[in-house]
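Each chain, written out:
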Amino acid sequence: MASSLLFLLTFLIAIVGHANCAPDVPWSQNYVLLYGQDHTQLLNQEKEIQISLDQVSGAGFKSLKAYGSGFFGMRMKLPNKDTTGIITTFYLRSYTNNHDELDFEFLGGKGQNYLLHTNVFTNGQGGREQRFSLWFDPTEDFHDYQLIWNQHQVVWFVDGTPIRVFKNNQNIGVSYPVQAMQIEASIWNGTWAGEPNWSQAPFQAHYQGFGIDGCPAQLNTIGSECSSPTFEWNVEKYWKLDSQQQMAYEDVRNKHMMYDYCTVGPKAPPECQNNQ
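Since this is a predicted model, take the numbers as computed values, not measurements.

Criteria and thresholds
- Residues numbered from 1 in each chain as written.
- Predicted model: local features only at pLDDT ≥ 70, side-chain atom pairs only at ≥ 80, totals over all residues.
- Heavy atoms only, no water.
- Disulfide = S-S within 2.5 Å.
- Helix = DSSP H or I, 4+ residues; strand = E, 2+ residues; numbered from the N terminus.
- Buried < 20%, exposed > 50% of the residue type's maximum accessible area, 1.4 Å probe, protein only.
- 1 Å grid on protein atoms, 1.4 Å probe; cavity = no way out; pocket = protein on both sides within 12 Å on 5 of 7 lines; lining within 4 Å.
- Points joined across faces, edges and corners; volume = space filled by probe spheres on them.
- Nonpolar A, V, L, I, M, F, W, Y, C, P; charged D, E, K, R; others polar.
- Salt bridge = Lys/Arg side-chain N within 4 Å of Asp/Glu carboxyl O.
- Phe/Tyr/Trp six-rings, centres within 6.5 Å; stacked < 30°, edge-to-face > 60°.
- Lys NZ or Arg CZ within 6 Å of the ring centre and 35° of its normal.

Colleague: Break down the state of the cysteines for me, with residues and values.
Modeller: Going through the model one piece at a time under the given rule, you end up with two disulfides. Note that Cys215 is cross-linked by a disulfide to Cys226, the S-S spacing being 2.1 Å. Given an S-S torsion of about -75 degrees, the disulfide between Cys215 and Cys226 has left-handed geometry. Here the residue Cys215 occupies a position in strand 15 (residues 213-216), and Cys226 occupies one in the loop between strand 15 and helix 3 (243-256), the gap between them amounting to eleven residues. We note that Cys215, like Cys226, is buried. Here Cys262 engages in a disulfide with Cys272; their sulfurs sit 2.0 Å apart. In this structure, the disulfide formed by Cys262 and Cys272 twists by about -85 degrees around the S-S bond and is classed as left-handed. Residue Cys262 is found in the loop between strand 16 (257-260) and helix 4 (271-274), and its partner Cys272 is found in helix 4; the two are separated by ten residues along the sequence. A residue is classified by how much of its surface remains accessible, and Cys262, at 12% relative accessible area, is buried. With a relative accessible area of 4%, Cys272 lands in the buried category.

Colleague: So, empty space enclosed by the protein: which residues are in play, and what are the values?
Modeller: This structure, assessed with the given rule, holds two cavities of 30 Å³ or more. The computed volume of the largest cavity comes to approximately 60 Å³. No other element matches strand 11 (residues 153-158), which puts three residues into the lining of the largest cavity. Of the voids in this model, the second largest cavity is the one considered here, and its volume is about 50 Å³. For the second largest cavity, the full set of lining residues is Gln130, Arg164, Val165, Phe166, Tyr249, Arg253, Tyr261, Cys262, Cys272, Asn275 and Gln276. Elements with a minimum of two residues in the lining of the second largest cavity: strand 12 (161-167) and helix 3. A per-element tally of the lining of the second largest cavity places strand 12 first, with three residues. The class makeup of the residues in the lining of the second largest cavity is six nonpolar, three polar and two charged.

Colleague: Describe the pattern of salt bridges, and please don't skip the residues or the numbers.
Modeller: Enumeration according to the criterion identifies four salt bridges in this entry. Between Asp82 and Lys110 there is a salt bridge, and its shortest N-O distance comes to 3.2 Å. Of the two residues, Asp82 sits in the loop between strand 5 (67-77) and strand 6 (86-93) while Lys110 sits in the loop between strand 7 (101-107) and strand 8 (115-121), which places them 28 residues apart along the sequence. Given the relative accessible area of 13%, Asp82 is considered buried. The salt bridge involving Lys255 is made with Asp251; its shortest N-O contact spans 2.6 Å. Here Asp251 and Lys255 lie together in helix 3, a separation of four residues that amounts to about one turn. Residue classification places Asp251 among the buried positions, given a relative accessible area of 10%.

Colleague: Describe the packing of aromatic side chains, listing the residues and the values that go with them.
Modeller: In this structure the tally under the stated criterion is 16 aromatic pairs. Here Phe231 and Trp233 contribute two aromatic rings whose centre-to-centre distance is 4.9 Å and whose plane-to-plane angle is 15 degrees, an arrangement assigned as stacked. Among the residues examined, Phe231 registers a relative accessible area of 24% and is labelled partly exposed. Relative accessible area serves as the criterion here: at 4%, Trp233 is assigned to the buried category. Chaining the aromatic ring pairs together yields one cluster made of Trp27, Tyr31, Phe61, Tyr207 and Phe210. Taking the ring centre of Tyr95 as reference, the NZ or CZ of Lys62 above it sits at 5.9 Å. We note Arg164 situated over the ring of Trp156; from NZ or CZ to the ring centre the distance is 5.0 Å.

Spelled out as structure tokens, the structure:
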């Protein structure tokens, strides 16, 4: 019954639609390799990329441009096998001494036991982790992972369902992502996430959906046009979740949130109440 409710809410959200309508384009139109050229393979006329990890190297790629707002998404199919210690990512980040960053990090495990780790860095400061279990096997097929970022809020979506909200709370002294960011994706291993079983290598992650709905930042500077309602993701409809999204958001957090930085310390950070 619970899974049926989540499916229904996700279906209703899909009908309502969202701001991401970027056309599907070849990978090289918008992206370039970061590292691991020999651990990368382009497939299906560049409509798909496979990046892999073994004991020698991982791989990663990034967008050609930086952006100042937008609706950013990627379709991903995660590595199968025993992926303990393997981290597959999709995120936005700036390149400054005190950077901004918005993370999707998938922490591997045995079989389908992935955890979705999200984080927010503003002005070089992170420590805002929220972690979720997934209600499907992310290794069997492609799923949509998306971020909307405007001057009012950041929202993380999984298959159209909002799972996390980080609002602009600068009015109460909480920093907010305001730096131009590039889109990045990678596969790597971290001993903090477990010791990899290298006998299972290579670990292969697949990505699709390389169109970008974003406001390009000229010379890495966000201009006023990136807050303009000319861009659909900036209109009032996307300043907060609508009622159906709010229901789905609360449902998935009640059932699938595994860790929340807001509940760890003796006192919740000031933004936590406003982000509900």
